[in-house]
Amino acid sequence: MTPRFRRWLADGLRLNRRRPPEFSIRRVAAWPEEPLPQVLYRLGDAECEWAAGMQCPCGCGAFIQLSLVEDSSPSWRIEQMRSGEFTLMPSVWRTVGCRSHFIIYRSRIFWCPPGDAEGPG
Ligand SMILES: [Zn+2]
């Protein structure tokens, strides 16, 4: 994560502080048939989680699946805080459909600036 991106997130968080966290997190053994919006599902068990999934936050109806397997590429990781808030890193950038580009930071969604080809890194 670049310092510039960190600053951008910090600014965004200040603006968003009054809003309650938007996402909750839930461990599942299989993808739900009707996934709820604003829930990040972690697929796996206590020993190992290998994927995360969520309804695309733009509302397009797509279900996004992300690998949590460290040595796969790309892969994501979830950092959970004691408060229950969580951060999903790096950003999610859909290359098909709605092309949404966002990050979940402290359980809040941040839309990445359009045209930021570098990505938050
Ligand atoms: Zn979408």
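Residues numbered from 1 in each chain as written. Predicted model: local features only at pLDDT ≥ 70, side-chain atom pairs only at ≥ 80, totals over all residues. Heavy atoms only, no water.

(A) Region of the structure containing the pattern of salt bridges. All chains considered together, the criterion is met by five salt bridges. Here arginine 42 makes a salt bridge to glutamate 49, at a shortest N to O gap of 3.0 Å. On the basis of relative accessible area, arginine 42 is assigned to the buried category, the value being 14%. Between arginine 77 and glutamate 79 there is a salt bridge, and its shortest N-O distance comes to 3.3 Å. Look at arginine 77 and you get partly exposed, because its relative accessible area is 49%. Salt bridges sharing common partners tie together Arg27, Arg42 and Glu49. (Salt bridge = Lys/Arg side-chain N within 4 Å of Asp/Glu carboxyl O. Buried < 20%, exposed > 50% of the residue type's maximum accessible area, 1.4 Å probe, protein only.)

(B) Representation of the sheet that holds strand 8 (residues 108-111) in the model. One open sheet accounts for four strands, arranged 5-6-7-8; its pairing is antiparallel. With one partner strand each, in any of the chains shown, strand 5 (77-80) and strand 8 form the two edges of the open sheet. Ignoring strand direction, the axes of neighbouring strands in this sheet form an average angle of 20°. (Pairing = 2+ DSSP bridges. Helix = DSSP H or I, 4+ residues; strand = E, 2+ residues; numbered from the N terminus. Axes fitted to C-alpha atoms, helices over the stretch in contact; angles between N-to-C directions.)

(C) Broad picture of unusual backbone geometry. With an omega of 0°, the peptide bond running from serine 73 to proline 74 counts as cis. Here proline 74 is to be found in the loop between strand 4 (63-67) and strand 5. A cis amide bond links methionine 89 with the next residue in sequence, proline 90, at an omega value of -10°. Here proline 90 shows up in strand 6 (residues 86-93). Phi angles above zero are rare outside glycine, and glutamine 38 is one such case at about 60°. As for its position among the elements, glutamine 38 is in the loop between strand 1 (24-28) and strand 2 (39-44). Overall, glutamine 38 belongs to the partly exposed group, its relative accessible area being 44%. Even without a glycine there, the phi angle at serine 107 is positive, about 65°. Position of serine 107 relative to the elements: it lies in the loop between strand 7 (101-105) and strand 8. The exposure class assigned to serine 107 is buried, which follows from its relative accessible area of 2%.

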